[in-house]
Amino acid sequence: MIAFGPVPSRRLGRSLGINNIPAKICTYSCIYCQLGSTIKEQIERRSFYKPERIFKEVQELVEEAEKRGEKTDYLTFVPDGEPTLDIALGEEISLLGELGIKIAVITNASLIDRADVRRDLSMADLVSLKIDALSEDVWRIVDRPHSSLNYNDILDGMVQFAHKFEGDLITETMLIHGVNDSEEEINRVAEFLINLKPVKAYVAIPTRPPAENWVKPAREHVINLAYQKFREKLGEDRVEYLIGYEGDSFAFTKNFVEDLMSITSVHPMREDALENFLKKANSDWSVVQNLIKKGKLIELEFEGHKFYMRKLPSRRKKQS
C-alpha cells in the first residue's frame, strides 16, 4: 500500500503517510534510520508510481478515515526512501491539493541543490529538512551519503530554498551519542539555522531501533545544550524537543493486516501501540505471531521497549 494511517506524528499531529518510494531506495544510509540500512543508494530522480495511482490510494484512505471519524491534519510524503527521488513529486502534490488537506514533505534535503527539487518542494504546505551536522566529515559518518553528493552544495540549496519558500519550514537535527553531539558541532548547526529561519527547529534523538545497533541517543545534558543553543539563535518559541514517544493512536481501515504492514514498513510500532491497535481491530496477538513466523514482521528491542516492523530486503546494492 502506498498510503497508510493516519498515524500519530510528533511534528504534524495526525498524519496520513504517503510511501512514494519503494523500500529502501535512498540517497543516504543514516546510521540511526529506523528502517535499517539502505538497500539501493541512488541520486538520480525517476518515476516510481503513477501520480494517478498515488492520488487514488490516498483519496480512498482519506475517505475511509473520515468514515471512521479519524482526523487527518496532513498528507505527508514520508516514504521508505528519500521522497525527492520521485521525479513526479510536484505533480503528485498538485493532484493531492484537490483533497483540501495540508501537504508535508519530510526530506533529508540531499537533492535540494537541484532547481527542480526546490520547485517541487515549494508546492507543499510544510517541508522538513534534515540537518544532522555542519562539518562534512561528521555528516558523512552520521548520514552516510551517496559518495557523489557535495555537502556545500546541499547547504547552499537549503538556504536558497528557505529564502523563497512560502510555506512552513521546519528542521530536524538527530543527535547521536559520540558522533555529532559535541558542543562545537552543535554550535555550527545553530549558526547555520539562522540562515534558514525555520518556524520550528527540532532537537531529536532516536526513539526506535536504529540501523546500527551501536547507535545511542545523545545524553540529556547534550540535548539540553542543543536546545539552549538553538533557542539563543532562533528565539525561544522556535525550538522544540523531538525526544518522546508519539503515542499509540494508529488508525486502521478495511484490512487490518494490510494496514499493519503498511504502517510498520515506514513507522515501526512499539509493543503497547501494537496491542492497542489489535484491540481497535478486534484482533489478537496471534496475528502478530503468525506474521513473525512467516517472516513478514520482525521484533526488535531499543531503549527497553520492543518494536515491530515489516521485514525488508537486507541485501545492500552498489551505488549507482
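A brief look at the structure comes next.

What counts, and where the lines are drawn
Residues numbered from 1 in each chain as written. Predicted model: local features only at pLDDT ≥ 70, side-chain atom pairs only at ≥ 80, totals over all residues. Heavy atoms only, no water. Helix = DSSP H or I, 4+ residues; strand = E, 2+ residues; numbered from the N terminus. Rg over C-alpha atoms; globule rule 2.2 N^0.38 Å. Buried < 20%, exposed > 50% of the residue type's maximum accessible area, 1.4 Å probe, protein only. Contact = heavy atoms within 4.5 Å. Lys, Arg positive; Asp, Glu negative; His and termini not counted. Charge placed at Lys NZ, Arg CZ, Asp CG, Glu CD. Polar contact = N/O pair within 3.5 Å; in protein donor to acceptor, adjacent residues only side chain to side chain. Phe/Tyr/Trp six-rings, centres within 6.5 Å; stacked < 30°, edge-to-face > 60°. Salt bridge = Lys/Arg side-chain N within 4 Å of Asp/Glu carboxyl O. Pairing = 2+ DSSP bridges. Right-handed = clockwise from strand over helix to strand, strands pointing away. Expected span 1.5 Å × (residues − 1). Axes fitted to C-alpha atoms, helices over the stretch in contact; angles between N-to-C directions.

Concerning the overall build of the chain
In terms of helices and strands, the chain carries ten helices and 13 strands. Over its C-alpha trace the chain gives a radius of gyration of 19 Å, about what one expects of a compact globule, namely 20 Å for 320 residues. Looking at the chain residue by residue over its 320 residues, the buried ones come to 56%. Long-range contacts, defined as pairs at least 24 residues apart, comprise 75% of the intrachain contacts of the chain with a sequence gap of at least 6. Distance between charge centres in the chain, computed from 45 positive and 51 negative side chains, equals 4 Å.

Re the side chain of threonine 84
Looking at the secondary structure, you find threonine 84 in the loop between strand S5 (74-77) and helix H2 (89-96). The exposure class of threonine 84 is buried, given its relative accessible area of 1%. At 2.6 Å, the side chain of threonine 84 forms a polar contact with the side chain of glutamate 82. Once you skip the residues sitting within four places of it in the chain, threonine 84 turns out to touch Arg45, Leu89, Thr107, Leu111, Val117 and Leu121.

A few points about the packing of aromatic side chains
Following the criterion strictly, the structure yields three aromatic pairs and no others. Summarising the aromatic geometry, the rings of tyrosine 28 and tryptophan 139 are spaced 6.1 Å apart at their centres and angled 70° between planes, so their arrangement reads as edge-to-face. Within this pair, whereas tyrosine 28 is found in the loop between strand S3 (25-26) and strand S4 (40-41), its partner tryptophan 139 is found in helix H4 (residues 136-143), the two being separated by 111 residues in sequence. On the basis of an interplanar angle of 25° and a centroid distance of 4.7 Å, the ring pair of phenylalanine 161 and phenylalanine 165 is categorised as stacked. For the pair phenylalanine 161 and phenylalanine 165, a shared accessibility class is recorded, and that class is buried. Three or more aromatic residues link up through ring pairs in this structure, and these residues are Tyr28, Trp139 and Tyr151.

Considerations on the pattern of salt bridges
On inspection of all chains with the given rule, the structure shows 17 salt bridges. The salt bridge partner of lysine 130 is aspartate 132, with a shortest N-O separation of 3.6 Å. On the basis of relative accessibility, which here comes to 15%, the residue lysine 130 falls in the buried class. Of the charged contacts in the structure, one is a salt bridge between glutamate 183 and lysine 229, with a shortest N-O distance of 3.9 Å.

Focus: the pairing of strand S8 (residues 168-174)
Of all the seven residues making up S8, six are buried; the element is thus mostly covered by neighbouring parts of the structure. Here five bridges tie strand S7 (residues 126-130) to S8, and the two strands are oriented parallel to one another. Bridged to serine 128 within S8 is isoleucine 170. By the bridge criterion, five bridges tie S8 to strand S9 (residues 200-204) in an arrangement that is parallel. Residue pairing across strands places glutamate 172 opposite tyrosine 202, the latter belonging to S9. In this fold, the crossover linking S8 to S9 by way of helix H6 (residues 183-196) has right-handed handedness.

Here's the deal with helix H1 (residues 51-67)
In a regular helix each residue adds 1.5 Å, so 17 residues correspond to 24 Å; H1 covers 24 Å between its end C-alpha atoms and thus fits that length. In this structure, the buried residues of H1 make contact with strand S1 (3-9), strand S2 (13-18), S5 and H2.

Focus on the side chain of threonine 72
You can see threonine 72 is positioned in the loop between H1 and S5. In this structure, threonine 72 is in contact with Pro6, Arg14, Leu16, Ala65 and Ile101, ignoring residues within four places of it in sequence.

A closer look at the environment of asparagine 150
Take asparagine 150: it is sitting in the loop between H4 and helix H5 (151-164). Looking at asparagine 150, the relative accessible area reads 38%, which means it is partly exposed. Considering only alpha carbons, one finds asparagine 150 and tyrosine 28, 122 residues apart in sequence, at a separation of 12 Å. In this structure the side chain of asparagine 150 is engaged in a polar contact, spanning 3.0 Å, whose partner is the backbone nitrogen of aspartate 153.

Let's talk about the pairing of strand S10 (residues 239-242)
Both S9 and S10 contribute to a ladder of four bridges, which runs parallel. Within S10, the position partnered with alanine 204 by the bridge is leucine 242. Handedness of the crossover is the feature at issue here: the chain leaves S9, passes through helix H7 (residues 220-234), returns alongside S10, and the resulting connection is right-handed.

A few points about the sheet that holds S1
As summarised here, the arrangement of the eight strands in space is S1-S2-S5-S6-S7-S8-S9-S10, forming an open sheet in which the pairing is mixed. If you trace the sheet from one side to the other, it starts and ends with S1 and S10, each paired once. Across this sheet, the average inter-strand angle for adjacent strands is 25°, counted without regard to direction. Relative to strand S6 (residues 102-107), S5 runs parallel, the two being bridged by four bridges. Residue pairing for S6: tyrosine 74 is matched across the bridge by lysine 102. Running over the sheet, H7 touches S8, S9 and S10 and is turned about 155° from S10.

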